[in-house]
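Spelled out, the chains give:
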Amino acid sequence: QVQLVESGGGLVQSGGSLRLSCAASGDTFSSYAMGWFRQVLGKEREFVAGISKGGSITGYTDPVKGRFTISRDSRKNTVYLQMNSLKPEDTAVYYCAARKTQYYGDTTSPSEWDYWGQGTQVTASS
């Protein structure tokens, strides 16, 4: 089993940047594909980005393509989400997720992920 802790959220102006971090512990990091999801109050949790176990494959939801970058650091057992050119519609609670099933670059449902962090708030104001 793996435990996930997100950090790095905050308040920024539209057009600004944030880098979210998700620290994994309790199990072998390389055994897990990793992902980022986000959720607004009253809305369904939605996929943002995913990365394969080896880090060679990444995938993004269309609204963030070209602006967000997911990466992982095996030495730090950490996955990152670099968010640039933030927009008000990016405002949400962002959750880190993990699964032992490999990620191949597709858009995926929250139900397909097994382990979750507690979330970190991202607010981009206009």
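Structural data are supplied above this passage.
The sections below set out a description of the structure shown in this document. (Residues numbered from 1 in each chain as written. Predicted model: local features only at pLDDT ≥ 70, side-chain atom pairs only at ≥ 80, totals over all residues. Heavy atoms only, no water.)

1. Here we look at the overall build of the protein chain
- The helix and strand tally for the protein chain stands at zero helices and 11 strands.
- In the protein chain, the succession of helices and strands from N to C terminus is β-β-β-β-β-β-β-β-β-β-β.
- Relative to a compact globule of 126 residues, whose C-alpha radius of gyration would be 14 Å, the protein chain shows 13 Å and is just as compact.
- Reported as C-alpha extents along the three principal axes, the dimensions of the protein chain are approximately 40 × 25 × 25 Å.
- The 126 residues of the protein chain split such that 42% are buried. (Helix = DSSP H or I, 4+ residues; strand = E, 2+ residues; numbered from the N terminus. Rg over C-alpha atoms; globule rule 2.2 N^0.38 Å. Buried < 20%, exposed > 50% of the residue type's maximum accessible area, 1.4 Å probe, protein only.)

2. Observations concerning the nonpolar core
- M34, W36, L81, M83 and Y94 are the most contacted members of the largest nonpolar core, which has 28 residues in total.
- Residue contacts for Y94: discarding those within four places in its chain leaves E6, L20, W36, F37, R38, V48, F68, L81, M83, G119, T120 and V122.
- Counting six residues, the second largest nonpolar core, distinct from the first, contains A33, F37, F47 and Y103. (Core = buried A, V, L, I, M, F, W, Y, C linked by side-chain atoms within 4.5 Å. Contact = heavy atoms within 4.5 Å.)

3. Description of the pattern of salt bridges
- For the structure shown, the criterion picks out six salt bridges.
- The salt bridge involving K100 is made with D27; its shortest N-O contact spans 3.9 Å. Of this pair, K100 sits in the loop between strand 9 (92-99) and strand 10 (115-116) while D27 sits in the loop between strand 3 (18-25) and strand 4 (33-39), and the two are 73 residues apart along the sequence. (Salt bridge = Lys/Arg side-chain N within 4 Å of Asp/Glu carboxyl O.)

4. Considerations on the pairing of strand 3
- Bridge count for strand 1 (residues 3-7) against strand 3 is five bridges, and the pairing is antiparallel. Each bridged residue has a counterpart across the sheet, and for L4 the counterpart in strand 3 is A24.
- Pairing of strand 3 with strand 8 (residues 78-83), which is carried by six bridges, proceeds in the antiparallel orientation. When the sheet's bridge partners are listed, R19 is paired in strand 8 with Q82. (Pairing = 2+ DSSP bridges.)

5. Topic: unusual backbone geometry
- Of note, the phi angle at N77 is positive, near 50°, even though the residue is not glycine.
- Checked against the element boundaries, N77 lands in the loop between strand 7 (68-73) and strand 8.
- The residue S85 is not glycine, and still its phi comes out positive at about 50°.
- With respect to the helices and strands, S85 occurs in the loop between strand 8 and strand 9.
- By relative accessible area, which is 40% here, S85 ends up partly exposed.

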